Protein chains: 2
Amino acid sequence: MISTDMRRNAKNHSTMKTDITPRQLEIIEAAGRLITEDGYAMLTTKRLAERMQFSEAALYRHFASKEAILVSMIEHLTASVKQRMEEVARKEELPEPRLRAMFDSHFSYFKAHPEYLMAIFATNFMESSPASDRAIKELMEVMRQHLRAVVSEGQKSGVFTKAIPTDMLVHIVMGTFRLHMLQWRISGRGFDITRKGRSLMDAVISLIGTSR
Amino acid sequence: MISTDMRRNAKNHSTMKTDITPRQLEIIEAAGRLITEDGYAMLTTKRLAERMQFSEAALYRHFASKEAILVSMIEHLTASVKQRMEEVARKEELPEPRLRAMFDSHFSYFKAHPEYLMAIFATNFMESSPASDRAIKELMEVMRQHLRAVVSEGQKSGVFTKAIPTDMLVHIVMGTFRLHMLQWRISGRGFDITRKGRSLMDAVISLIGTSR
DNA sequence: ACAAAGTTAGTGATTACTAACTAACATTGA
DNA sequence: TCAATGTTAGTTAGTAATCACTAACTTTGT
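Fair warning: this is a prediction, and the values are worked out from it, not measured in the lab.

**A few points about the overall build of chain A**
Check the secondary structure of chain A and you find eight helices and zero strands. For chain A, the succession of helices and strands along the chain, N to C, is α-α-α-α-α-α-α-α. Counting only residues that meet the buried cut, chain A has 37% of its 212 residues in that class. Long-range pairs, those at least 24 residues apart, make up 63% of the contacts in chain A with a sequence separation of at least 6.

Below, the structure written as structure tokens:
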């Protein structure tokens with residue numbers, strides 16, 4: 001299956017394989033759940049197979065390696081980010097409400113799929129694995145690009161300050177978002193990510209805004 | 001040695017063991033270097049012993065376990081943060097220059113000791129190890145408290161905005177700092193952390209400032 | 001004399017992964 | 001129509017390699 005099922009996603013210009021069988025998706029989700037529950041070090045093929053209620057060897061009917069599972073997982077998240085951010089861009093015209101909607105989308109997505117949370121704090125588990133390394137960098141870059149587009153537009157239209165370079169504003173917004181996600185994870189998802197997240201992003205937006 | 005050398009640090013009110021033999025410090029540094037070079041997964045007792053130019057068993061003359069090495073390492077960094085932040089507080093009276101000096105201190109420290117960089121992005125390797133988990137939380141908390149003190153003072157004296165709660169300002173500043181460190185790490189320390197860091201923190205400070 | 005700091009040679013446990021086999025289902029061609 | 005053939009997705013029973021760690025012994029410095 002692995003060799004015959006390696007078709008490319010037609011709409012994707014790059015070499016990324018976005019296609020995934022339903023069974024592969026199940027495995028990815030189970031893997032993500034194991035990581036967020038017990039940490040990356042506790043993601044072993046044995047435990048993952050147990051979760052899937054099949055043998056370890058069955059894992060290798062669906063993925064070439066453990067690393068491939070992780071890469072596939074990150075790419076799946078990246079695809080979701082792309083899709084959701086494009087949808088938001090279609091629905092919200094103005095920079096400020098669009099920025100809010102972008103983060104709202106992230107909050108509700110991770111609330112529904114906490115198994116992908118760890119991908120945000122990766123860069124630590126990528127270790128000695130160039131493939132997942134690349135996948136994670138790609139994910140960060142995609143998020144950054146979408147953020148940059150809104151911020152830049154907001155600066156042009158005068159709702160965000162021009163006194164600070166676009167990339168720095170993006171950095172500040174992204175850093176705030178990431179720390180928020182980290183604290184949600186550390187707290188064991190012990191607070192409402194959307195409520196707290198909204199007021200936090202409101203604060204950032206008011207800081208970089210010109211109207212105040 | 002391990003049992004006889006477990007004296008407490010007199011000036012430390014908590015139960016933290018800050019004392020460390022010179023040889024233990026060497027081991028901690030070597031471990032940190034291995035992690036920042038090749039990732040946490042590549043920190044094995046075998047490789048660490050190789051780096052130290054002695055046998056694996058020799059490691060256990062200095063530490064009770066691999067976990068103890070990590071905990072010791074994080075506690076060492078925490079002690080450094082405390083000491084440096086107190087020194088900065090002594091030297092710089094006003095909130096704004098003190099905030100700048102705090103980050104300058106971090107930048108030059110990590111430039112000189114990149115082996116401790118990974119401790120900032122931990123929370124991923126703490127996994128299934130309650131002791132290092134606690135140590136990392138303590139480190140984050142110490143940094144947060146020192147930041148909070150300056151920001152709060154700045155708000156009182158009117159140089160930082162009162163329109164946003166202290167903790168949110170702290171969050172934004174800390175998030176920006178952490179992302180900066182992460183990008184420095186990802187880039188393979190490929191840029192001047194101080195130069196870029198200063199202009200970044202200048203941007204944040206101008207945003208949360210009232211003078212404009 | 002003696003403790004601190006090293007050595008060698010192992011331990012059992014766990015790791016990701018593989019070989020060989022099979023039941024169920026799908027496709028094909030006379 | 002239906003047997004031949006192939007594919008998919010599972011199984012059991014391993015593999016070599018690596019992991020953190022230990023027991024017993026030796027060297028070294030004061």
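After presenting the structure, the write-up continues.
**Some details on the relation of the copies chain B and chain A**
Of the two same-sequence chains, chain B is brought onto chain A (RMSD 0.1 Å, axial shift 0.0 Å) by a rotation of 180°. Put plainly, the chains are arranged around a two-fold axis. Across chain B, the rotation axis passes nearest the C-alpha of G175(B), at a separation of 2.2 Å. Comparing interface residues between copies, 100% of those in chain B also sit at the interface in chain A, which points to an isologous, same-surface contact.

**Side note on the protein's contact with DNA strand D**
In the vicinity of DNA strand D lie 17 residues, with F54(A), S55(A), A57(A), T44(B) and K66(B) positioned nearest. Mapped by element, the contributors of at least two residues to the surface near DNA strand D are α3 (56-59) of chain A together with α2 (45-52) and α3 (56-59) of chain B. Among the residues making up the surface near DNA strand D, the classes are represented as six nonpolar, five polar and six charged.

**Considering the interface of chain B and chain A**
With 27 residues of chain B at the interface, the matching set in chain A holds 27 residues. Only α7 (166-186) and α8 (193-208) of chain B provide two or more residues apiece to the side of chain B that touches chain A. Of the residues forming the side of chain B that touches chain A, the biggest block, ten residues, is contributed by α7(B). The residue inventory of the side of chain B that touches chain A, partitioned by class, reads 17 nonpolar, seven polar and three charged.

**Some thoughts on the protein's contact with DNA strand C**
Around DNA strand C sit 17 residues, and of these T44(A), K66(A), F54(B), S55(B) and A57(B) come closest. Elements that contribute at least two residues to the surface near DNA strand C include exactly α2 (45-52) and α3 of chain A together with α3 of chain B.

**Section: the packing of helix α1 (residues 22-38) of chain B against α2(B)**
Residues and elements named next belong to chain B. Contact pair α1 / α2: the axes reach a minimum separation of 10 Å and the direction vectors enclose 120°. Judged by the angle between their axes, α1 and α2 are oblique. By crossing handedness, the relation of α1 to α2 is classed as right-handed. Between α1, through E26, I27, A30, A31 and L34, and α2, the contact on the second element is made entirely by R47, L48, R51 and M52. Its residues placed into classes, the contact of α1 with α2 shows six nonpolar, no polar and three charged.

**Some points on the environment of K82(A)**
Tracing the chain through its elements places K82(A) in helix α4 (residues 66-91). With 61 residues separating them along the chain, K82(A) and M143(A) place their C-alpha atoms 8.0 Å apart.

**Comments concerning the confidence of the model for chain A**
The pLDDT averaged across chain A works out to 89; a share of 88% of its residues lies at or above 70. Low pLDDT, under 50, characterises residues 1-16 of chain A; the stretch is placed with ten contacts to residues that sit more than four places away or in other chains.

**Considering the packing of α7(B) against α8(B)**
Residue and element names in this part refer to chain B. Direction vectors running N to C along α7 and α8 enclose 160°, while the axes themselves pass 11 Å from each other. On the basis of the axis angle, α7 is roughly antiparallel to α8. Crossing of α7 against α8: the hand is right-handed. Packed against α7, whose contacting residues are L169, I172, V173, T176, H180 and W184, the element α8 presents I193, G197, L200, V204 and I208 at the interface.

**Here we look at the nonpolar core**
By size, the foremost hydrophobic cluster in this structure holds 106 residues, and its most contacted members are A31(A), I74(A), V173(A), V204(A), A31(B), I74(B) and V173(B). Those residues within four positions of V173(A) in sequence are excluded, and the remaining contacts are L147(A), V151(A) and V204(A).

**A short note on unusual backbone geometry**
All names here are of chain A. Backbone geometry places Q53, a non-glycine residue, at a positive phi of 60°. Inspection of the secondary structure assignment puts Q53 in the loop between α2 and α3. The backbone of R189 shows a phi angle near 55°, a positive value even though the residue is not glycine. Tracing the sequence through the fold places R189 in the loop between α7 (166-186) and α8 (193-208).

**A few points about the environment of F160(B)**
Residue and element names in this part refer to chain B. You can see F160 is positioned in the loop between α6 (130-156) and α7. Put simply, F160 and L207 are 47 residues apart on the chain and 8.9 Å apart in space, counted from C-alpha to C-alpha. Setting aside anything within four residues of it in sequence, one finds F160 in contact with P95, V151, G154, Q155, L169, I208, G209 and T210.

**Considerations on the environment of M42(A)**
For M42(A), the position within the fold is in the loop between α1 (22-38) and α2. Each C-alpha atom, one on M42(A) and one on A31(A), is 10.0 Å from the other, the two residues being eleven residues apart in sequence.

Conventions we followed
Residues numbered from 1 in each chain as written. Chains lettered and ligands numbered in written order. Predicted model: local features only at pLDDT ≥ 70, side-chain atom pairs only at ≥ 80, totals over all residues. Helix = DSSP H or I, 4+ residues; strand = E, 2+ residues; numbered from the N terminus. Buried ≥ 20, exposed ≤ 12 C-beta atoms within 10 Å, placed from the backbone. Contact = placed C-beta atoms within 7 Å. Least-squares fit on C-alpha atoms with pLDDT ≥ 70 in both. Near = placed C-beta within 6 Å. Nonpolar A, V, L, I, M, F, W, Y, C, P; charged D, E, K, R; others polar. Axes fitted to C-alpha atoms, helices over the stretch in contact; angles between N-to-C directions. Parallel < 35°, antiparallel > 145°, perpendicular 65-115°, else oblique. Left-handed = near helix turned anticlockwise from the far one by under 90°. pLDDT = per-residue confidence, 0-100. Core = buried A, V, L, I, M, F, W, Y, C linked by C-beta atoms within 7 Å.

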